[in-house]
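# Tertiary structure, described
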Amino acid sequence: MFWQKEIETIGREPLEQLQLERLKQIVRRAYKNVPAYADKFIESGVKPKDITSLADLGKLPFTTREDLRENYPFGLLAMPKEQIVRLHTSSGTTGKPKAIFFTRKDVDQAAELIARCLVMTGTKKDDVLQNIMTYGLFTGALVMHYGAEKVGVLVIPAGPGNTERQISLMQDFKTTAIHVTPSYLLYLANVMQKKRINPTRDLSLKRAYLGAEPYSEETRKKIEESLGIDVYNSYGLTEMNGPGVAFECKEKKGMHLWEDNFLLEVIDPETGQNMPEGEVGELVLTTLCREAMPIIRYRTRDLTRIIPGACSCGRTHRRISRIIGRADDMFIVRGVNIFPQQIERVLMGVRGVAQNYQIILESYDQMTVMVEIMKDIFDGSLEHMLNLKSDIVNKLRAEILVTPKVELLEPGTLPVSEGKAKRVIDKRTL
Ligand SMILES: [Zn+2]
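Residues numbered from 1 in each chain as written. Predicted model: local features only at pLDDT ≥ 70, side-chain atom pairs only at ≥ 80, totals over all residues. Heavy atoms only, no water.

### Description of the nonpolar core
Grouped together as the largest cluster of nonpolar side chains are 67 residues, with contacts concentrated most on Leu 23, Leu 60, Tyr 235 and Leu 257. Top element by residues in this core is helix H5 (residues 104–120). It accounts for nine residues. In this view, Leu 60 contacts Leu 23, Val 27, Phe 41, Val 46, Ile 51, Ile 296 and Arg 297; residues no more than four positions away in its chain are not counted. Residues Val 333, Met 385, Leu 388 and Leu 408 belong to the second largest nonpolar core, which totals 25 residues. (Core = buried A, V, L, I, M, F, W, Y, C linked by side-chain atoms within 4.5 Å. Buried < 20%, exposed > 50% of the residue type's maximum accessible area, 1.4 Å probe, protein only. Helix = DSSP H or I, 4+ residues; strand = E, 2+ residues; numbered from the N terminus. Contact = heavy atoms within 4.5 Å.)

Encoded structure:
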């Protein structure tokens, strides 16, 4: 099932041709119409005419969150204000928000991308989508709303909260799909269980689109089993229109990133160089179609990797993995970039390992991973302990290419923090 089959299955060569044409155009427009970009280009010694192939992308300067904040509110607009029809903002945890503008064509293009995503997962005209994201300055709900209307589904603009009402809306209007954050969906599933609502018997739900928060494959499986539905990952960010940047197809093996609209790079956050295909790095995106506000080489700070190979659904746009963390969390040991999420993924895949762990950095070539293990494993058998320890060391080395020290601890040894746990203790900078 395709929304725009021709472009979704376009060959690599014509796709790259299209990307190059669009890149040249967007670079010219940014240089001509956005003084902040002209300054950046001059500083980097690059002119629009220097971009003659996609490989020249690396000559262009990055755009950062700070650039967006410094140019708030109108500094990065490439169009006269009377052509702008919509504003969204993204509130960071600190400082000024980032303002993103849309022309009428931008609104329509963002909706087209959502339509591709929904149809790709089996949504049809007769579906009913309950949109449980926040309506307002946040892009999550409105962009999805317009895209779903384009497909022709009935959209219920529920917004989040009021769980009782969410459930009765689902029952009354026979909701078949929901767009929601993973944490709220888990809560919703919990409430249903308490109210003795059996989702497969009492509801018409078939699929859920999850975005805006990171969550694990285990959580997906848990939700799919408890509600009897298909759960699809969605990736987007306000700076790139909001949802619809990348989305899973029915294969659920990574998210197709719409490469005719966004140029995709995965870089080493430290050096800015491209990572080899398949390796984890920071996602960098360039808008190829946006009129109101082109953004060139945007450092998303989100960590992902390109999934090598073709997808059996027939779409040729490359896939990225679920977001595994933030570039800001990265640390370096023996010259190797390491992300705490890599360690976590390995630890959680080892039988007998409990939830709590800590990474201690003591020198530039040594790291220690302290990990709590389950009570029944901590049985006093030295052999068991040594086996488990060497298993963890081997798996970590395979993932991060550095051999860590591993210490096994009894459950309850490490401090339990409320909220975001402090996983990395860097004694080198203290
Ligand atoms: Zn696919």
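The structure having been displayed, the exposition proceeds.
### Details of the coordination of the zinc ion
Looking at the zinc ion, the protein donor atoms are Cys 249 (SG), His 256 (NE2), Cys 311 (SG) and Cys 313 (SG), and they sit 2.1 to 2.3 Å from it. One way to put it: the four donor atoms around the zinc ion meet at angles of 102 to 116 degrees, and that makes the site tetrahedral. Every donor residue of the zinc ion comes from the same chain, spaced as C-x6-H-x54-C-x1-C. You can see His 256 sitting in strand S9 (residues 255–257) and its partner Cys 313 sitting in the loop between strand S13 (306–307) and strand S14 (319–320), a full 57 residues away along the chain. Accessibility assignment for this pair places His 256 and Cys 313 in one class, buried. (Donors = N, O, S within 2.8 Å, 3.2 Å for Na, K, Ca; no water. Tetrahedral: all angles 85-135°; square planar, octahedral: opposite > 155°, others 65-115°.)

### Concerning the pairing of strand S7 (residues 230–237)
Counting buried positions along S7 gives six out of eight residues, so the element sits mostly inside the fold. Bridge count between strand S6 (residues 207–210) and S7: four bridges; the pairing is parallel. Its bridge partner being in S7, Arg 207 is matched across the sheet by Asp 230. This β-α-β element, S6 to helix H10 (residues 217–227) to S7, shows right-handed connectivity. When S7 meets strand S8 (residues 242–248), the two strands line up antiparallel, connected through three bridges. Its bridge partner being in S8, Tyr 235 is matched across the sheet by Ala 246. Linking S7 to S8, which pair antiparallel, is a turn of four residues; within it Asn 241 sits at a positive phi near 90 degrees. (Pairing = 2+ DSSP bridges. Right-handed = clockwise from strand over helix to strand, strands pointing away.)

### Thoughts on the pattern of salt bridges
Applying the stated rule across the entire model yields 32 salt bridges. For the salt bridge of Glu 282 with Arg 301, the shortest nitrogen-to-oxygen distance reads 2.9 Å. With Glu 282 in strand S11 (residues 281–287) and Arg 301 in strand S12 (residues 298–304), this pair connects stretches of sequence that are 19 residues apart. The class for Glu 282 is buried, based on a relative accessible area of 0%. Between Arg 345 and Glu 399 there is a salt bridge, with the nearest N and O atoms lying 3.0 Å from each other. (Salt bridge = Lys/Arg side-chain N within 4 Å of Asp/Glu carboxyl O.)

### Overview of the side chain of Asn 337
For Asn 337, the location among the structural elements is in strand S17 (residues 336–338). Separated by 2.8 Å, the side chains of Asn 337 and Asp 268 make a polar contact. If we ignore the near neighbours within four places in the chain, the residues touching Asn 337 are Asp 268, Pro 269, Glu 270, Met 330, Phe 331, Ile 332 and Gln 342. (Polar contact = N/O pair within 3.5 Å; in protein donor to acceptor, adjacent residues only side chain to side chain.)

### Quick notes on the packing of aromatic side chains
Throughout the structure, instances matching the rule amount to six aromatic pairs. Plain terms: the ring middles of Phe 74 and Phe 101 are 5.5 Å apart, the flat faces sit at 20 degrees to each other, and that makes the pair stacked. Taken together, the residues span a long stretch of sequence, with Phe 74 in the loop between helix H4 (65–70) and strand S1 (84–90) and Phe 101 in strand S2 (residues 98–103) at a distance of 27 residues. The exposure class of Phe 101 is buried, given its relative accessible area of 6%. On the basis of an interplanar angle of 35 degrees and a centroid distance of 6.0 Å, the ring pair of Tyr 184 and Tyr 187 is categorised as tilted. Residue Tyr 184 and its partner Tyr 187 are both found in helix H8 (residues 182–194); the two are separated by three residues, about one turn of the helix. Given a relative accessible area of 15%, Tyr 184 falls into the buried group. Chaining the aromatic ring pairs together yields one cluster made of Tyr 31, Tyr 37 and Phe 41. Over the aromatic face of Phe 74 sits the side chain of Lys 81, whose NZ or CZ is 3.9 Å from the ring centroid. One cation-aromatic arrangement involves Arg 86 over Tyr 146; the distance from NZ or CZ to the ring centre is 4.5 Å. (Phe/Tyr/Trp six-rings, centres within 6.5 Å; stacked < 30°, edge-to-face > 60°. Lys NZ or Arg CZ within 6 Å of the ring centre and 35° of its normal.)

### Points about the pairing of S6
Two faces, one strand: in a regular strand the side chains alternate between the faces of the sheet. Judged by which residues are buried, S6 turns out to be covered on both faces: Arg 207 and Tyr 209 on one side and Ala 208 and Leu 210 on the other are all buried. The pairing of strand S5 (residues 177–180) with S6 spans four bridges and is classified as parallel. Along S6, the bridge assignment pairs Val 180 with Leu 210.

### Remarks on the sheet that holds strand S19 (residues 366–373)
If you walk across this open sheet you meet the four strands as S20-S19-S18-S21, and the pairing is mixed. The strands lining the two open edges of the sheet, one partner per strand, are strand S20 (405–409) and strand S21 (424–426). The mean inter-strand angle of the sheet, taken between neighbouring strand axes irrespective of direction, is 20 degrees. Of the pairings in the sheet, the one linking strand S18 (residues 353–363) to S21 comprises three bridges and is parallel in character. Counterpart to Ile 359 in the pairing with S21 is Val 424. Running at roughly 140 degrees to S18, helix H11 (residues 340–348) makes contact with S18, S19 and S21 of the sheet. With respect to the sheet, helix H12 (residues 382–400) is in contact with S18, S19 and S20, its orientation differing from that of S20 by roughly 135 degrees. (Axes fitted to C-alpha atoms, helices over the stretch in contact; angles between N-to-C directions.)

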